[in-house]
Amino acid sequence: METLLRLEPYSPLPFGHLHPHPSARNRPSFAVIVASSPRNQSGKKLRFHGTNITIPIKNQGTVHRSVTVRSEIAAAGSTGDSACSMTEFQLGSRIRAICFYSVTALVAIFLFVGMVLAHPFVILFDRHCRRAHHLIAKLWATLTIAPFYKLEFEGMENLPPQNMPAVYVSNHQSFLDVYTLFTLGRCFKIISKRSIFLFPVIGWAMLLMGVIPLRRMDSRSQLDCLKRCMDLVRKGASVFFFPEGTRSKDGKLGAFKKGAFSVAAKTGVRVVPITLLGTGKLMPAGMEGILNPGLVKVIVHQPIEGNDADMLCCESRNVIANALLVHGYGVHGNA
Ligand SMILES: CCCCCCCCCCCCCCCC(=O)OC[C@@H](O)COP(=O)(O)O
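Just so it is clear, the structure is predicted and the values come from calculations on it, not from any experiment.

Colleague: Which parts of the structure should I look at to understand the packing of helix H6 (residues 219-234) against helix H7 (residues 259-267)?
Modeller: The description of two packed helices rests on the angle between their axes and on the distance between the axes. Where H6 contacts H7, the axes come no closer than 10 Å and their chain directions differ by 40°. Relative to H7, the element H6 is oriented oblique. For H6 against H7, the interelement crossing comes out right-handed. Across from Leu226, Cys229, Met230, Val233 and Arg234 in H6, the residues of H7 making contact are Gly259, Ser262, Val263, Lys266 and Thr267. Classifying every residue of the contact of H6 with H7 gives five nonpolar, three polar and two charged.

Shown next, in the form of structure tokens:
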């Protein structure tokens, strides 16, 4: 016998609560639970099958049942009132993601030709900042984003002029963050994990742009990366860090690593904190196969100056955390 139950977000379960994915918060959404035939289950173990979660659940009497939470449905969110309309919503998000990747690949292929042609001049005349390449990256990001989501900016007056070196930092929720940041048109060198360099065309473009590779678990690579950043900043270029080091898995702001701030403290340049709102709802971390519709907001905060890396780290995180809290997002630890 199969039973369909409907649970609102945070509905109580025998062992806790059903938490919707961060992308589903603030939206009318629910998870469909299919209670399958009675089974002999013991313990309260959760088993994940792709996007489904199998939960052993104890019935009123002595019978145990196994329930399957279609977590991706809750994750995508829906305004519909039936399982059918939610599936349509999901299908729309998947199709949107396929179109997004097609557009970004197509645009990248065309623009990459321009990047290759410009490269000898960039190396000769603008080796450190590589403005022409960043202009191409801005075009790539703008053309990719335009058909899929709206961008709203706040605090653009806080952006330092193009020729003023700075350390830019922001929260990191989604693969879409990089696109969103490129639309700012600032020539910052992004610090990137090495595996992204393996993407065809994108990886090659990253090499031409001078994106700085980092093996996150390798302390020698971390040291090399910081030295390279300081060198670049002293030569007039800017650098960009995601100080959380990884995308937030639960949508909440994580702890900040200090690297970015020691670069700023040692070189005496300013830190520009940026808050990105909404990218994690559109394409949550680990769900790169979907692209929900919506709005992304970018807040550029006032630059922070100082020669104490701890203070710069703490202040930058506070500023970003406060902006996230004001807009209804979560933050780990204290803001
Ligand atoms: C030819 C058209 C122009 C093409 C320009 C391509 C430039 C692409 C630059 C991509 C830079 C990516 C930087 C990502 C920074 C980074 O490495 O952050 C980590 C996360 O993300 C993923 O970490 P995780 O959540 O742990 O998987």
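Colleague: How should I be thinking about unusual backbone geometry in this particular structure?
Modeller: As a rule of thumb, non-glycine residues mostly have phi less than zero, and peptide bonds are mostly trans rather than cis. At Arg130, a residue that is not glycine, the phi angle is positive and equals roughly 55°. For Arg130, the location among the structural elements is in the loop between helix H2 (83-125) and helix H3 (131-145). Since its relative accessible area comes to 13%, Arg130 is described here as buried. Unusually for a residue other than glycine, Val201 sits at a positive phi of about 65°. Examined against the element boundaries, Val201 turns out to sit in the loop between strand E10 (188-193) and helix H5 (202-209). Of the residues examined, Val201 reaches a relative accessible area of 17% and is grouped as buried.

Colleague: Would you mind going over the site of the ligand with me for this structure?
Modeller: Close contacts around the ligand come from 21 residues, with His172, Lys193, Arg216, Thr246 and Arg247 the closest. Side-chain polar atom of Lys193 to an oxygen atom of the ligand: 2.8 Å apart, as the coordinates give it. The protein chains hide 92% of the 720 Å² of surface that the ligand would expose on its own. At the level of secondary structure, the elements contributing two or more residues to the shell around the ligand comprise H2, helix H4 (176-182), E10 and H5. Within the shell around the ligand, the residues separate by chemical class into 14 nonpolar, three polar and four charged.

Colleague: Just checking my understanding: could you explain a positive patch on the surface for this structure?
Modeller: Together, Lys193, Arg216, Lys249 and Lys257 make up a positively charged patch on the protein surface. With respect to the helices, strands and loops of the structure, Lys257 is situated in the loop between strand E12 (238-241) and H7.

Colleague: Honestly, the UniProt feature "domain: Phospholipid/glycerol acyltransferase" (unreviewed entry) in the protein chain in this entry has me stumped. Any pointers?
Modeller: UniProt tags residues 166-279 as "domain: Phospholipid/glycerol acyltransferase" (unreviewed entry). Secondary structure content for residues 166-279 is 36% helix and 23% strand, and the end C-alpha separation is 24 Å.

Colleague: Got a minute to help me understand the layout of surface pockets in this structure?
Modeller: Over the atoms rolls a probe the size of a water molecule, and its path tells where empty space is left. Volume-wise, the largest pocket comes out at about 1,300 Å³. Contributing to the lining of the largest pocket are 48 residues, with Val178, Ile191, Ser192, Lys193 and Ile196 lying nearest its centre. Contributing elements (two or more residues each) for the lining of the largest pocket: H2, H3, H4, E10, H5, H6 and H7. Here the element with the most residues in the lining of the largest pocket is H2; it accounts for eight residues. Across the lining of the largest pocket, the residue classes tally to 33 nonpolar, nine polar and six charged.

Colleague: Help me understand the UniProt feature "transmembrane region" (unreviewed entry) in the protein chain, please; the structure alone is not making it clear to me.
Modeller: Following the UniProt record, the feature "transmembrane region" (unreviewed entry) maps to residues 100-125 and 196-214 here. Between the first and last C-alpha atoms of residues 100-125 the distance is 34 Å; the span itself is 100% helix and 0% strand. Taken end to end, residues 196-214 comprises 42% helix and 16% strand; its first and last C-alpha atoms sit 10 Å apart.

Colleague: Help me out: how do you make sense of the environment of Arg130 in this one?
Modeller: For the pair Arg130 and Cys187, spaced 57 residues apart in sequence, the C-alpha separation works out to 7.1 Å. Side-chain polar atoms of Arg130 contact the backbone oxygen of Arg127, separated by 2.8 Å.

Colleague: I'm lost on the pattern of salt bridges in this one. Help?
Modeller: Oppositely charged side chains may form a pair once their charged atoms are brought near each other. Overall, the coordinates contain seven salt bridges when judged by the stated rule. A salt bridge links Asp126 to Arg131; its shortest N-O distance comes to 2.9 Å. You can call Asp126 buried: its relative accessible area is 16%. For Arg131, a relative accessible area of 36% corresponds to the partly exposed category. Residues Lys297 and Glu152 are paired through a salt bridge, measuring 4.0 Å at the closest nitrogen-oxygen approach.

What counts as what
- Residues numbered from 1 in each chain as written.
- Predicted model: local features only at pLDDT ≥ 70, side-chain atom pairs only at ≥ 80, totals over all residues.
- Heavy atoms only, no water.
- Axes fitted to C-alpha atoms, helices over the stretch in contact; angles between N-to-C directions.
- Helix = DSSP H or I, 4+ residues; strand = E, 2+ residues; numbered from the N terminus.
- Parallel < 35°, antiparallel > 145°, perpendicular 65-115°, else oblique.
- Left-handed = near helix turned anticlockwise from the far one by under 90°.
- Contact = heavy atoms within 4.5 Å.
- Nonpolar A, V, L, I, M, F, W, Y, C, P; charged D, E, K, R; others polar.
- Buried < 20%, exposed > 50% of the residue type's maximum accessible area, 1.4 Å probe, protein only.
- Near = heavy atom within 4 Å.
- Polar contact = N/O pair within 3.5 Å; in protein donor to acceptor, adjacent residues only side chain to side chain.
- Areas by Shrake-Rupley, 256 points an atom, 1.4 Å probe, with all protein chains shown as cover.
- Patch = residues over 30% accessible without salt bridge, like charges linked within 9 Å, V, L, I, M, F, W, Y side chains within 5 Å.
- Salt bridge = Lys/Arg side-chain N within 4 Å of Asp/Glu carboxyl O.
- Lys, Arg positive; Asp, Glu negative; His and termini not counted.
- Charge placed at Lys NZ, Arg CZ, Asp CG, Glu CD.
- UniProt positions renumbered as here; feature names shortened; annotations may be inferred.
- 1 Å grid on protein atoms, 1.4 Å probe; cavity = no way out; pocket = protein on both sides within 12 Å on 5 of 7 lines; lining within 4 Å.
- Points joined across faces, edges and corners; volume = space filled by probe spheres on them.

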